[in-house]
Amino acid sequence: MTGPATRRSVALVTLGCARNEVDSEHLAGHLAAEGWDLVADPAAADVAVVNTCGFVEAAKKDSIDALLEAADLKQHGRTRAVVAVGCLAQRYGRDLEAELPEADAVLGFDSYAALSTHLRTVLHGGRVPSHAPTDRRRLLPVSPIERSAPAAGPTDPTDPAHPTDPTEPAAAYRVRLDRRPWAPLKIAGGCDRRCAFCAIPTFRGAFVSRPPADVLAEARWLAGQGVREVLLVSENSTSYGKDLGDLRLLEDLLPQLAGIEGVDWVRVSYLQPAEIRPGLLEVMAGTPGVVPYFDVSFQHAAGPVLRRMRRFGDAEAFLALVARIRQLAPTAGIRSNVIVGFPGETEADLAVLERFLVAARLDAVGVFGFSAEEGTEAAGLAGQVADAQIAERVTQVGDLVEQLTAQRAQDRVGEAVDVLVEQVDRPQGVLVGRSATQGPDVDGATLVAWPGEPDAAVGELVRARVTDTEGVDLWAVPR
């Protein structure tokens, strides 16, 4: 047992997506069980662990800036060591160490199981070998159904291939690093798709589903921590269950999650349009407690561009999918991301995308310029679009999306909505939260103007009526 004299403190700084947030909370749980004190401020910690993102160039820059900022604390604060983990560390390993000597260690996913030992080694002046990157798609069999034994995969305790014991103490299972009334819950890791622009499969590995029992156990634990909304995350949620021999497993899992005491909302993120099944749409639209929210990764709408991306579909097929969603759930929220400036994209292709966006009336759209990521097929394709032209197209489509999503929000005036309260501004008499059609962090907010001092609390569901909008944000009054 670790005594007071040997206890050390650690702060986890998380960059990137909700999947990284889950990883950080699992790492926090394991570190706490190993005797580490968790602190929020890196300046107050002996070790700052930066959970990096390595998806695109902008995310890499943010991660490097966070590492440099944490390293600066070694000169001006209590911090004695800075350790890089996460996707950037996994993707670049020794190269990152060479380029960023300010980091005292660069650790990949396979180091997570022994992270406590590694941090203590660094604190005592020792050196932990940096991660040597490999193509993680090769760690597991090509056939998803043959990915049955965790021993065949990584030893990372946050990885879905790592067995979870739901009977172990909560502190060793996962530690909440914030008090939000919602939390991401990882249902799978890795990806089997080979999109030409994406490097994620090479450093996250092949697709592996978590067993339903593990997912349910963690959801019950989250509910016990005061979580009212569970956000299911993965690289591709529509693939859930294929390696467990049942592609309908998500349809079976959703009602069970929604039935957990204390869980009001279950939200599914990252659906691949080519893999969306009619039965999944029906369950998502018709199960009480599963919010009518569809995060569909269209990426583009012009068929030729999608083929070069090694994706399926076109504007006609995507509009049919949107129509089917709205037939099942007329007030559903639909969000997506699109990439402009992909190699070979013409002005005609861009026009197809714009016409699709106008017709689809999506609630939220992320517009990204193509980033030529090393190691991806797209980086070597002919027809590379100039950076200046990509920037122009991002502005052009982004301005259109801003108008369209504001109009879509205006369509909701008069709707009755449930609002999950995330903040109470008592002096202003306003509750700040989200409706069921708004995803966390990315889709805007719903602000409820309360008559007098609000008497609702964070985590409550408040019934309201939409009265006005401000961009994608909704204004409402209680019903």
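Residues numbered from 1 in each chain as written. Predicted model: local features only at pLDDT ≥ 70, side-chain atom pairs only at ≥ 80, totals over all residues. Heavy atoms only, no water.

A. The arrangement of the overall build of the chain in detail. Check the secondary structure of the chain and you find 14 helices and 18 strands. In summary, the chain has a C-alpha radius of gyration of 23 Å against a globular reference of 23 Å for 479 residues, a match within 12%. Residues counted as buried form 55% of the 479 residues belonging to the chain. Accessible surface, the chain: about 19,500 Å² in total, of which carbon and sulfur atoms supply 53%. Of the side-chain charges in the chain, 48 are positive and 66 negative, and the distance between the mean point of each set is 3 Å. (Helix = DSSP H or I, 4+ residues; strand = E, 2+ residues; numbered from the N terminus. Rg over C-alpha atoms; globule rule 2.2 N^0.38 Å. Buried < 20%, exposed > 50% of the residue type's maximum accessible area, 1.4 Å probe, protein only. Areas by Shrake-Rupley, 256 points an atom, 1.4 Å probe, with all protein chains shown as cover. Lys, Arg positive; Asp, Glu negative; His and termini not counted. Charge placed at Lys NZ, Arg CZ, Asp CG, Glu CD.)

B. Up close: the packing of helix α10 (residues 278-286) against helix α12 (residues 315-328). The N-to-C vectors of α10 and α12 enclose an angle of 40 degrees; their axes lie 9 Å apart at closest approach. Between α10 and α12, the angle is such that the two are oblique. In this structure, the crossing between α10 and α12 has a hand that is right-handed. Between α10 and α12, the residues in contact are L281, E282 and A285 and L321, R324, I325 and L328, respectively. A breakdown of the residues in the contact of α10 with α12 according to their chemical character gives five nonpolar, no polar and two charged. (Axes fitted to C-alpha atoms, helices over the stretch in contact; angles between N-to-C directions. Parallel < 35°, antiparallel > 145°, perpendicular 65-115°, else oblique. Left-handed = near helix turned anticlockwise from the far one by under 90°. Contact = heavy atoms within 4.5 Å. Nonpolar A, V, L, I, M, F, W, Y, C, P; charged D, E, K, R; others polar.)

C. Highlighting the confidence of the model for the chain. Mean pLDDT over the chain stands at 90; residues scoring 70 or higher make up 93%. Throughout residues 1-5 the model reports pLDDT below 50, and contacts reaching past four residues in sequence, or to other chains, amount to four contacts. Segment residues 149-172: pLDDT under 50, and 46 contacts once partners within four positions in sequence are set aside and those in other chains are kept. (pLDDT = per-residue confidence, 0-100.)

D. Spatial organisation of the sheet that holds strand β4 (residues 81-85). If you trace the five strands from one edge of the open sheet to the other, you get β2-β1-β3-β4-β5, paired in parallel fashion. Edge positions in the sheet fall to β2 (37-38) and β5 (105-106), since each has one partner strand and no second. Inspection of the sheet shows β4 paired to β5 by two bridges, in the parallel sense. When the sheet's bridge partners are listed, V83 is paired in β5 with A105. (Pairing = 2+ DSSP bridges.)

E. Representation of empty space enclosed by the protein within the structure. The final tally for this structure, using the stated rule, is five cavities of 30 Å³ or more. Quantified by volume, the largest cavity comes out at close to 100 Å³. Residue lining of the largest cavity: D363, A364, T405, R408, A409, R412, T437, Q438, D443, V472 and L474, and that is the complete set. A per-element tally of the lining of the largest cavity places helix α14 (residues 387-411) first, with three residues. Per-class residue counts for the lining of the largest cavity are four nonpolar, three polar and four charged. (1 Å grid on protein atoms, 1.4 Å probe; cavity = no way out; pocket = protein on both sides within 12 Å on 5 of 7 lines; lining within 4 Å. Points joined across faces, edges and corners; volume = space filled by probe spheres on them.)

F. Expanded view of the layout of surface pockets. The computed volume of the second largest pocket comes to approximately 200 Å³. For the second largest pocket, the full set of lining residues is W265, P292, T331, R412, E415, A416, V417, D418, S435, A436, T437 and R463. Here the lining of the second largest pocket takes three residues from strand β14 (residues 416-425), the largest share from any one element. Grouping the amino acids of the lining of the second largest pocket by side-chain chemistry returns five nonpolar, three polar and four charged.

G. Inspection of unusual backbone geometry at higher detail. Even without being a glycine, Y270 presents a positive backbone phi close to 60 degrees. Following the sequence through the fold, Y270 ends up in the loop between β10 (265-268) and α10. The exposure class of Y270 is partly exposed, given its relative accessible area of 22%. The phi dihedral of R310 falls on the positive side, at around 65 degrees, and the residue is not glycine. By secondary structure assignment, the location of R310 is in the loop between α11 (303-308) and α12. According to the relative accessible area criterion, R310 is partly exposed, its value standing at 49%.

H. Quick look at the packing of aromatic side chains. Using the criterion set out here, one finds five aromatic pairs in the structure. Measuring from ring centre to ring centre gives 4.6 Å for F298 and F318, while their planes differ by 40 degrees; the resulting arrangement is tilted. In this pair, F298 sits in the loop between β11 (293-295) and α11 while F318 sits in helix α12, placing the two residues 20 residues apart along the sequence. F318 carries the same exposure label as F298, and that label is buried. Considering the side-chain rings of F342 and F370, the 5.3 Å spacing of their centres and the 75 degrees angle between planes classify their relative orientation as edge-to-face. One end of the pair, F342, is in the loop between β12 (333-340) and α13 (347-360); the other, F370, is in the loop between β13 (364-369) and α14, and 28 residues separate them in sequence. (Phe/Tyr/Trp six-rings, centres within 6.5 Å; stacked < 30°, edge-to-face > 60°.)

I. Seen up close, the sheet that holds strand β18 (residues 473-478). Taken together, five strands build a closed barrel; the order of strands is β14-β15-β16-β18-β17 and the barrel is mixed. Neighbour to neighbour, the strand axes of the sheet diverge by 50 degrees on average, direction disregarded.

J. Structural view of the environment of R78. Residue placement: R78 occurs in the loop between α2 (57-76) and β4. C-alpha separation for the pair R78 and V421, spaced 343 residues apart in sequence, amounts to 36 Å. Not counting chain neighbours up to four residues away, the residues in contact with R78 comprise S9, A43, A44, A45, D46 and L73. Polar contacts involving the side chain of R78 include one to the side chain of D46, which spans 3.1 Å. (Polar contact = N/O pair within 3.5 Å; in protein donor to acceptor, adjacent residues only side chain to side chain.)

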